[in-house]
Amino acid sequence: MSFRKVNIIILVLAVALFLLVLHHNFLSLSSLLRNEVTDSGIVGPQPIDFVPNALRHAVHGRQEEIPVVIAASEDRLGGAIAAINSIQHNTRSNVIFYIVTLNNTADHLRSWLNSDSLKSIRYKIVNFDPKLLEGKVKEDPDQGESMKPLTFARFYLPILVPSAKKAIYMDDDVIVQGDILALYNTALKPGHAAAFSEDCDSASTKVVIRGAGNQYNYIGYLDYKKERIRKLSMKASTCSFNPGVFVANLTEWKRQNITNQLEKWMKLNVEEGLYSRTLAGSITTPPLLIVFYQQHSTIDPMWNVRHLGSSAGKRYSPQFVKAAKLLHWNGHFKPWGRTASYTDVWEKWYIPDPTGKFNLIRRYTEISNIK
């Protein structure tokens, strides 16, 4: 009888040991699929392997990877988190997020991405080296973006995503309501390195910025009094485009040395002041307008419904906002700020900061603090 009991105990221990080994292997696989790897500088392209190929295909079948690049600065980190969360929850595609940040933000970002709501996300944190911008950006207090290195990360896509042939870039002040696969599948014309949403499209209302001229044509971004600009023979009335969301053919981008071309115009602007003094939008727009003049494809306007941050009022109907594939709060009034519009739509995707460093600014919060 005692011999039988010993055998049963041994069998139970063997089963327990087997289950422990199985559990350990499952955790190891989960860790691989979790995807976060160590930070790397972007001086010199470095291959990025998130998951061994066999495992990647086992999980995602034959799905093509969709690289989405988004910059995440410390003071706007909540925006990047909300954008990432909205993309992930509205697609079944194999999305990999390349989250570009500075060294002093990486730990904060990583702790946020470890939230339960974000554990299924595959991502790579990429450190952006501000030294890349030396001699290319003139700091201007009136243009706050000029002092924020991550604003220019979009110029360096082939270095940020060295192994990809195609990628999506988007700003941190967006919410995606459609399947990102549809945007990724945007057809680019032969010879075109990028596809943007033009400012004259039917989805986004034309906006006139007081003192800045028209925000939707080239003269709102470039100083046509400068001879170097006039020599380019670009029509001042040409419709501009928004660089906050675009699809890039990185093979074509590399072939045409787009990054080098952009850097050339950045340097010339530092030397000669080629941008409009009353810049109508982002400081990244002028060099892009020059380099991509009549040489870019277009994305569906519903994939960049913008100007939600240009005023505190609501410019679109609830039905239109609901139908938009991507909402863009470009402008001064961000959805995490005090007087933004459509904050209820944005907050649906916001995940509170587990560290408590990032907090939404809301009127009712201020009122309660006063009391």
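Structural data are supplied above this passage.
The rules we used
Residues numbered from 1 in each chain as written. Predicted model: local features only at pLDDT ≥ 70, side-chain atom pairs only at ≥ 80, totals over all residues. Heavy atoms only, no water. Buried < 20%, exposed > 50% of the residue type's maximum accessible area, 1.4 Å probe, protein only. Helix = DSSP H or I, 4+ residues; strand = E, 2+ residues; numbered from the N terminus. Pairing = 2+ DSSP bridges. Contact = heavy atoms within 4.5 Å. Axes fitted to C-alpha atoms, helices over the stretch in contact; angles between N-to-C directions.

## A look at the pairing of strand S9 (residues 241–249)
Next, step 1: Counting buried positions along S9 gives eight out of nine residues, so the element sits mostly inside the fold.
Next, step 2: As defined by bridge partners, strand S4 (residues 166–170) adjoins S9 across five bridges and the pair is classed as antiparallel. Bridge pairing in S9 places Ala167 opposite Ala248.
Next, step 3: The pairing of strand S6 (residues 194–198) with S9 spans four bridges and is classified as antiparallel. Considered in S9, the bridge of Ala194 is made with Ala248.

## Regarding the pairing of S6
Next, step 1: The element S6 is extensively covered by neighbouring structure, given that four of its five residues are classed as buried.
Next, step 2: Judged from the two bridges that link them, S6 and strand S10 (residues 297–298) form a sheet pairing that is parallel. Opposite Phe196, over in S10, you have Thr298 as the bridge partner.

## Re unusual backbone geometry
Next, step 1: Even without a glycine there, the phi angle at Ser233 is positive, about 55°.
Next, step 2: With respect to the helices and strands, the residue Ser233 is situated in the loop between helix H7 (227–230) and S9.
Next, step 3: Owing to a relative accessible area of 58%, Ser233 belongs among the exposed residues under this scheme.

## Points about the sheet that holds S6
Next, step 1: Strands sit in the order S3-S2-S1-S4-S9-S6-S10 across an open sheet of seven strands; the sheet is mixed. Every interior strand has two partners, whereas the edge strands, strand S3 (123–127) and S10, have only one.
Next, step 2: Here strand S1 (residues 65–71) pairs with S4 via two bridges, running parallel. In the strand pairing of S4, Val69 is matched with Tyr169.
Next, step 3: Running at roughly 165° to S3, helix H4 (residues 103–113) makes contact with strand S2 (94–101) and S3 of the sheet.

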